[in-house]
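What follows is the residue order along each chain.
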Amino acid sequence: MALLITKKCINCDMCEPECPNQAISMGDDIYVIDPWLCTECVGHYDAPTCMSVCPIDNTIITDPAHQENREQLWEKFVLIQQAV
């Protein structure tokens, strides 16, 4: 599943530089995650780094609109790496 940054975001700038796929960027009001680039850090780390550095609990959550299993996330990671 891709991740989603909720309106609880305080724009602290902690998550954006941690994303290995550059899926996080500043939106109109808060940071946003591009679901087509988010692999939940599969292929890079054991867990999503954005979630671990976010100082506000439950600000970065699983995006219910973009549900993917680990195999699908891995396939997305491979495609992203091939495009680089």
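First things first, this report covers the structure right here in the doc. The residue numbers shown here count from 1 along each chain, following its written sequence. A pLDDT threshold of at least 70 governs which residues receive local features in this predicted model, and a stricter bar of 80 or more applies before side-chain atom pairs are shown or counted, although totals over entire chains, interfaces and linings include all residues. Heavy atoms throughout the structure, all of them, feed into the side-chain values; hydrogens and water do not.

1. Re the environment of P48
Consideration 1: Relative to the helices and strands, P48 resides in the loop between β3 (31-33) and α1 (49-53).
Consideration 2: Residue classification places P48 among the buried positions, given a relative accessible area of 15%.
Consideration 3: As for P48 and A23, which are separated by 25 residues in sequence, their C-alpha atoms are 12 Å apart. Each helix corresponds to a stretch of at least 4 residues labelled H or I by DSSP, and each strand to a stretch of at least 2 residues labelled E; elements are numbered beginning at the N terminus. Exposure is judged per residue with a 1.4 Å probe applied to protein chains only, and the accessible area is read against the type maximum: over 50% gives exposed, under 20% gives buried, and values in between give partly exposed.

2. Brief notes about the packing of aromatic side chains
Consideration 1: Here the aromatic set is Phe, Tyr and Trp, taking the six-membered ring for Trp, and pairing holds for ring centres within 6.5 Å; pairs whose planes are under 30 degrees apart are stacked, those over 60 apart are edge-to-face, and all others are tilted. Under the definition given, this model contains 1 aromatic pair.
Consideration 2: The interplanar angle of 35° and the centroid separation of 5.0 Å between the aromatic rings of W74 and F77 together place this pair among those described as tilted. Remark: F77 and W74 occur in helix α2 (residues 70-83); sequence separation between them is 3 residues, near one turn of the helix.
Consideration 3: The class of W74 is partly exposed, set by a relative accessible area of 45%.
Consideration 4: Classification of F77 by relative accessible area gives buried; the value is 11%.

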